[in-house]
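Descriptive structure summary
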Amino acid sequence: MDITSPAFWVAVVQIIAIDIVLGGDNAVVIALASRRLPEAQRKLAIFWGVFGAIALRVVLIFFALQLLQI
């Protein structure tokens, strides 16, 4: 698939849209988990929750890419 083809860009937009939708549930879970914490702990919980979600996504993408190379 060529980078200049419309099909390529449609696929890229679809992947981004799926990623945004799947990332939305992470935000809901983090918010529910930290809602009753004191303000300082809530900020830390949100920070580490977002950091963990991003780190886990990067690790899983790495493994998915390794599987695609097989």
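Residues numbered from 1 in each chain as written. Predicted model: local features only at pLDDT ≥ 70, side-chain atom pairs only at ≥ 80, totals over all residues. Heavy atoms only, no water.

Concerning the overall build of the protein
Tallying secondary structure elements over the protein gives 2 helices and 0 strands in all. Relative to its length of 70 residues, the protein is extended, with a C-alpha radius of gyration of 17 Å against a globular reference of 11 Å. By its C-alpha atoms, the protein is 50 × 25 × 15 Å across when sized along the principal axes. Counting only residues that meet the buried cut, the protein has 4% of its 70 residues in that class. For the protein, the separation between the mean place of its 5 positive charges and that of its 4 negative charges on side chains is 19 Å. (Helix = DSSP H or I, 4+ residues; strand = E, 2+ residues; numbered from the N terminus. Rg over C-alpha atoms; globule rule 2.2 N^0.38 Å. Buried < 20%, exposed > 50% of the residue type's maximum accessible area, 1.4 Å probe, protein only. Lys, Arg positive; Asp, Glu negative; His and termini not counted. Charge placed at Lys NZ, Arg CZ, Asp CG, Glu CD.)

Here we look at the packing of aromatic side chains
For the coordinates displayed, the defined rule picks out 5 aromatic pairs. With a centroid separation of 5.0 Å and 75° between ring planes, the pair formed by Phe47 and Trp48 is classed as edge-to-face. Aromatic side chains Phe47 and Phe51 sit 6.3 Å apart centroid to centroid with 15° between the ring planes, which places their arrangement in the stacked category. Here the residue Phe47 and the residue Phe51 both occupy positions in helix H2 (residues 39–69), the gap between them amounting to 4 residues, near one helical turn. Of the aromatic side chains, those joined through ring pairs into one cluster are Phe47, Trp48 and Phe51. (Phe/Tyr/Trp six-rings, centres within 6.5 Å; stacked < 30°, edge-to-face > 60°.)

Looking at the side chain of Ser34
Within the secondary structure, Ser34 is located in helix H1 (residues 6–34). Each residue touching Ser34, except ones within four places of it in the same chain, is listed here: Arg42, Ala45 and Ile46. (Contact = heavy atoms within 4.5 Å.)

What to know about the packing of H1 against H2
Following both chains from N to C, one finds H1 and H2 inclined at 150°, their axes separated by 10 Å at the closest point. Here H1 lies roughly antiparallel to H2, going by the angle between them. Note on packing geometry: the crossing formed by H1 with H2 is right-handed. Of the residues in H2, those touching H1 at Asp19, Leu22, Gly23, Asn26, Ile30 and Ser34 are Arg42, Ala45, Ile46, Gly49, Val50, Ala53 and Arg57. Residues belonging to the contact of H1 with H2 are distributed by class as follows: 6 nonpolar, 4 polar and 3 charged. (Axes fitted to C-alpha atoms, helices over the stretch in contact; angles between N-to-C directions. Parallel < 35°, antiparallel > 145°, perpendicular 65-115°, else oblique. Left-handed = near helix turned anticlockwise from the far one by under 90°. Nonpolar A, V, L, I, M, F, W, Y, C, P; charged D, E, K, R; others polar.)

Description of the pattern of salt bridges
Enumeration over the complete set of coordinates arrives at 1 salt bridge. Here Glu39 and Arg42 are joined by a salt bridge, their closest N and O atoms 2.9 Å apart. Residue Glu39 and its partner Arg42 are both found in helix H2; the two are separated by 3 residues, about one turn of the helix. Assessed through its relative accessible area of 26%, Arg42 is described here as partly exposed. (Salt bridge = Lys/Arg side-chain N within 4 Å of Asp/Glu carboxyl O.)

As for a nonpolar patch on the surface
Nonpolar side chains collect at one region of the surface, where Leu44, Phe47, Trp48 and Phe51 lie side by side and expose about 470 Å² of accessible area between them. Residue Phe51 is classed as partly exposed on the basis of its relative accessible area of 46%. (Patch = residues over 30% accessible without salt bridge, like charges linked within 9 Å, V, L, I, M, F, W, Y side chains within 5 Å. Areas by Shrake-Rupley, 256 points an atom, 1.4 Å probe, with all protein chains shown as cover.)

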